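So you can see what is in the structure, the chains are spelled out below.
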Amino acid sequence: MLNCCYCEPTTVAEALTLLAEHGDGARVVAGGQVIALLLRQGFIKPSCLVSLQSVAGLDGITAEQRGVRIGAMVTLHRLGNAGNEYPTLRALSEAAHTVADQHIRNRGTLGGNICGAHPASDINTALMTLNAEVTLVSTQGERMVNLHEFLAGPFTTTAKPGELLTEVTIPGFALRRSAAVYCRFSPRAGDFPVVSVGAFVSLDDTGQCQEPRIVLGNCLGAPTRATEAEQRLAHRNLLEDTRSLTEAATLAATHLTPRSEPMASSAYKQDLVGVLTRAALTEAVARALEVRP
Amino acid sequence: MKVVGTSPKRIDGIEKVTGAAQYTGDIVLPRMIFGKIKRSPLAHAKILSIDTRKAEQVPGVRAVITAADLPDVRLGVLTRDEYLLAHDTVRFVGEPIAAVAADTPEIAREACEQMTVEYEELPALFDPEEAIALDPPVVLHEDYEEYERLIELAEMDKRPPNLWQAYRIRHGDIDAAFHTAEAEGGFILENRYMTGYVHTTCMEPRAAVAQWGPDGTLTVWAGGQSPYIARDGLSRALGLPPSKVRVIVPFVGGAFGGKLTVHEGAIAAALAKKARRPVKVVLTREEEFTTTSARTPFIFSIKDAVSHDGVLLGRKILSIFWGGAYSGEGFLKPIFSTHLYPGSYRLPALWVDSYGVYTNRIAGGALRGYGCAESAWAVETQMDIIARTCHIDPVALRMKNLLTEGERTAITMPAHAFSAHECLTKCAEAIEWGTPSEQPGHPWYRGKGIALGNKYSFAPTAASVDVKVHEDNTYELRTSAVDLGQGAYTVLTQIVADEFGVEIERVKLVTPDTAITPFDHVAGSSRQTFHTGNATRLACADATRQMRQEAAPQLGVDPDKLDVSGGRIFVKENPARFIEVGDLFVVEMLAGKRPAAVEIFGKATWEVSASPHDPNTGQGEHPMAYMGHGAQAAEVEVNVETGQVRVLKFVSAIDVGKAMNPQGVEMQNFGGACMGIGIALHEEMCFDEKGRMTNSNLEAYKIPTIIEMPRSESMQSIIVEVPHQQGPYGAKGAGEIVVVPTSPALGNAVYDAIGVRIWDLPLTPEKIVKVWQAKQREGGSA
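Our subject in this report is the structure included herewith.

Quick notes on the rules
- Residues numbered from 1 in each chain as written.
- Chains lettered and ligands numbered in written order.
- Predicted model: local features only at pLDDT ≥ 70, side-chain atom pairs only at ≥ 80, totals over all residues.
- Heavy atoms only, no water.
- Helix = DSSP H or I, 4+ residues; strand = E, 2+ residues; numbered from the N terminus.
- Rg over C-alpha atoms; globule rule 2.2 N^0.38 Å.
- Buried < 20%, exposed > 50% of the residue type's maximum accessible area, 1.4 Å probe, protein only.
- Contact = heavy atoms within 4.5 Å.
- Buried area = accessible area lost by both parts, 1.4 Å probe.
- Salt bridge = Lys/Arg side-chain N within 4 Å of Asp/Glu carboxyl O.
- Polar contact = N/O pair within 3.5 Å; in protein donor to acceptor, adjacent residues only side chain to side chain.
- Nonpolar A, V, L, I, M, F, W, Y, C, P; charged D, E, K, R; others polar.
- 1 Å grid on protein atoms, 1.4 Å probe; cavity = no way out; pocket = protein on both sides within 12 Å on 5 of 7 lines; lining within 4 Å.
- Points joined across faces, edges and corners; volume = space filled by probe spheres on them.
- Disulfide = S-S within 2.5 Å.

A short note on the overall build of chain A
Phase 1: A tally of regular secondary structure across chain A gives 11 helices and 14 strands.
Phase 2: Over its C-alpha atoms chain A spans a radius of gyration of 19 Å, differing by no more than 12% from the 19 Å that the globule rule assigns to 293 residues.
Phase 3: A burial count over chain A gives 54% of its 293 residues as buried.
Phase 4: Sequence-distant contacts, at least 24 apart, represent 61% of the contacts inside chain A between residues at least 6 apart.

Section: unusual backbone geometry
As a rule of thumb, non-glycine residues mostly have phi less than zero, and peptide bonds are mostly trans rather than cis.
Phase 1: A cis geometry characterises the amide bond from Ala-459 of chain B onward to Pro-460 of chain B, with omega recorded as 0 degrees.
Phase 2: Inspection of the secondary structure assignment puts Pro-460 of chain B in the loop between strand S18 (444-458) and strand S19 (461-470).
Phase 3: Following Leu-761 of chain B, the chain continues into Pro-762 of chain B via a peptide bond in cis, with omega recorded as -5 degrees.
Phase 4: Inspection of the secondary structure puts Pro-762 of chain B in the loop between helix H17 (742-754) and helix H18 (765-777).
Phase 5: The phi dihedral of Glu-211 of chain A falls on the positive side, at around 40 degrees, and the residue is not glycine.
Phase 6: The phi angle at Arg-276 of chain B is positive, at roughly 55 degrees, despite the residue not being glycine.
Phase 7: Among the secondary structure elements, Arg-276 of chain B is positioned in the loop between helix H7 (263-275) and strand S13 (279-282).

With respect to the interface of chain B and chain A
Phase 1: Taken together, the contact between chain B and chain A spans 27 residues of the former and 18 residues of the latter.
Phase 2: For the pair chain B and chain A, the summed buried surface comes to about 2000 Å²; carbon and sulfur atoms form 55% of the total.
Phase 3: Applying the counting rule to chain B against chain A returns 3 salt bridges.
Phase 4: Salt-bridge contacts for Arg-40 of chain A lead to Glu-286 of chain B; the nearest nitrogen and oxygen are separated by 2.9 Å.
Phase 5: The tally of links from chain B across to chain A stands at 11 residue pairs in polar contact (both at pLDDT 80 or more).
Phase 6: Elements with a contribution of two residues or more to the side of chain B that touches chain A: helix H3 (105-114) and H18 of chain B.
Phase 7: No other element matches the 4 residues that H18 of chain B contributes to the side of chain B that touches chain A.
Phase 8: Taken together, the residues of the side of chain B that touches chain A break down into 10 nonpolar, 8 polar and 9 charged.

A word on the pattern of salt bridges
Residue and element names in this part refer to chain B.
Phase 1: Per the stated rule, a full pass over the model turns up 59 salt bridges over all chains.
Phase 2: One salt bridge connects Glu-129 with Arg-192, and the closest N-O pair in it is separated by 2.7 Å. Here Glu-129 is found in helix H4 (residues 128-131), whereas its partner Arg-192 is found in strand S8 (residues 187-194), with 63 residues between them in sequence.
Phase 3: Between Glu-145 and Arg-159 there is a salt bridge; the shortest N-O distance is 3.0 Å. Note that Glu-145 is positioned in the loop between H4 and strand S7 (163-171) and Arg-159 in the loop between H4 and S7, a separation of 14 residues in sequence.
Phase 4: The class for Arg-159 is buried, based on a relative accessible area of 18%.

Here's the deal with the layout of surface pockets
Phase 1: Taken as a whole, the second largest pocket spans an internal volume of roughly 1500 Å³.
Phase 2: Every residue lining the second largest pocket is counted, 44 residues in all, and those nearest its centre are Arg-109, Glu-113, Thr-284, Glu-286 and Glu-287 of chain B.
Phase 3: Of all the elements in the fold, those that place two or more residues in the lining of the second largest pocket are helix H2 (35-40) of chain A together with strand S1 (33-39), H3, S13 and helix H8 (285-291) of chain B.
Phase 4: Considering only residue class, the lining of the second largest pocket consists of 17 nonpolar, 13 polar and 14 charged.

Some remarks on the state of the cysteines
All names here are of chain B.
Phase 1: In total, this model carries 0 disulfides over all chains according to the counting rule given.
Phase 2: Of all cysteine sulfurs, the one in Cys-423 lies closest to Cys-372, which takes part in no disulfide; the gap is 15 Å.
Phase 3: Judged by relative accessible area, Cys-372 falls into the buried class, the value being 0%.
Phase 4: Unpaired in terms of disulfides, Cys-427 finds its nearest cysteine sulfur in Cys-423, a separation of 8.4 Å.

Here it is as structure tokens:
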């Protein structure tokens, strides 16, 4: 039986105090999309639920020199539209659009999706593709961590007891001809993807690919960079050497052994990684070229 | 006939959509508490001990029961092989062992967790083909021979120890058919098929509320398919005479075959007795998936003898029904699944062996079609392959082999109201059969598929209906036929309205309650419109006979010169001479007036017998009540890289004899198509090596959403009406035939698109990618 207290602080400071008091036993409730399921299935037994529902100031989206800062309480619905205003968020918007259904997107939040750390999270795979950083605050201070280091495994993060994720920063693109794309496959609408792939490419003036990123979702416990495939693309001229996209897709497919699940074996997921990587890269290059140099 | 054949609003529609309709879960009784069931975590184990002391000490716990609190009787419809709560052995993950009643469901769940059960794990058996061996690695029921059995199995030299059902069809000379095919330039085609492991997945989980009266009468509210089957089950499980058990059926949120028995009702009753308080038990979705009736797979081996020009010479089928730990609600599936084989095609020889076996899984049960949807997957895929083998169009091939009206089938019974030609023709027309699909280009491939199907309705069976005539020109229909969502209440109400010539609003419905409503067998086997419909007509006729008799002295003519309609009893030859219904009743008895009609109460029983059960040959003049026919066709689009299948267009042409409520039939067609698409393409219960279901929730078990369905303008419902001589107004049922041809229609369409077969359902993306890749390796191309 669930025996825990429920608090609705109104400021970040109050929330942090509650989190500090309850330490390991505290869990944050943002939109409830993830935590309600974890509670129902009995996967977590917190002693205190700290809701951010009434905390002001966590739902802003602002563009700054370092990049776009997005508050943890921004809903998936808003994220789904943010790409129109902030072009670097386009792939994230596309990912947010595919999560569950409209009702859930109205409730679910950016921060909740990140901290829920579901292995198939569309949001986390897209954010990693965009090289996102998260801001963690506690009564002890504040730190910024790359999302890659924040996600530790299935339903697990490296957040310390008492820390609250308040915002996410998406760095700006260094080169103008840059684009990110998010592709996913699920036979049924609204499901977590069987596999998803995020691809980021940026092309210099000659068409050479700089610092590509390929992120595979729902293959391992957390979104995973397909490093060999990325290396295959780095410094290649993608305008001339289009074969390297296919080669990178093949490398991505063999990069890891995905976890099997009911109705999707590891081998099938590898096939999907190949198909989706090729599609994501092809689209990313096309989009990058749409941007005037 | 004014209301029958039209589509008035569903009489339960407003209540349901406004939330006013009361389902079992909504029932709240004074002092009611909540029950939870303690279940086995192991697929096969001896129970060494059950320690309930800690559970009893949890504050708020009112009663804990184990098998020791129940009569020592085994349950089961035709083979009594199952205890309500396990005695010394558990045989599947989820088998009930004990139960707790407490002030809240949460406390009851906590108490179940506090219970200690010691097990000795036994080796488990999951593979039905291993299970059927004469010396299997595990025998599930060592005491099988001592069990009470109500049905005879086919004769065999030695029964495989895990076998609980055996049935045969023997017709013609099957060996001669194979010889002829080989000798005369024909061919033999042999394939193995398997259906999927799927669940009814009703919106409403099973639930029951039990309350004991001061005189020892038990009342159970349970949203099941048959109050009388439920009453008999409760009576047996609890050792009560049937008259001491009252079953009330509130609104039901879907059943599809999954709500025939009420084990949770019996558990609630036992808890209520011990706690001396009413008890409600509502299953969770996980319990629904893991412990209630699933459509477990069939494995079919079909060997056909075919002439060079596509005429069936003989068909030999071996089928194994993958039963679970108990014969359960699937007790008749190995028999009834064979009814499909002789139903559509002319078969000079038919040889069938059909078996049901025990394994350490959830008991196999009913799901819309009771074996025929499974048989159709094998037979109708096979028909497509035959057509392609002898280069005959699949529709033409079927037409060539169809039975004709009145022709004796391979099980003796003559084909009647045989509408397969019309269904097939109309279906083919609607899908533009013969016009190839436009191809969108790699990786998407399109194709069309068609399949035929038939669905028996079982016999013997019976339905009784009462109709009480009220003095205010209102007609009260009392029936134990349950509306599970299929529209039975509306259709029966339409019949009463027509029989009395009144508007539908003048009919009042009394819903199933064994204390009030008369016997009706079950809301299953597409039987309610047919049987309960007939009983309703007869009960109405009985009431109008009484009305005419009572009116005769007042009108001064013989009763047979009178007619009843629109609230009047009138002289046929001179309708201006009439009295009103109210005139039949004289209520002012205290004023000294003689009561004319005190009570006008029509009642009738409609019964259909069957020819004797012959498990060794399957032959019979009349082994079923009737047989319905239907065809479905699909156009699909397949992505060979991801394996995704999109259904672009879907057509159902279904014969219902007479569409009592055309919109209701249309909804059955669409609903059946949606359910059938889910079963064919998406749904699958998955298990780990310990026999535990690994996707027992609605996120992981893939019931499709509306987005996976064809667009509404691409879903077509065609109603075919070939009247049945015994059906009310000629009607047959529509509930199950609408999912029978669905899987093979889709499978044949997928083949048409990508040129590769998948033999086992469902047609998942992964399987599609796999067969496509295998084909590419072999050097083929679409």
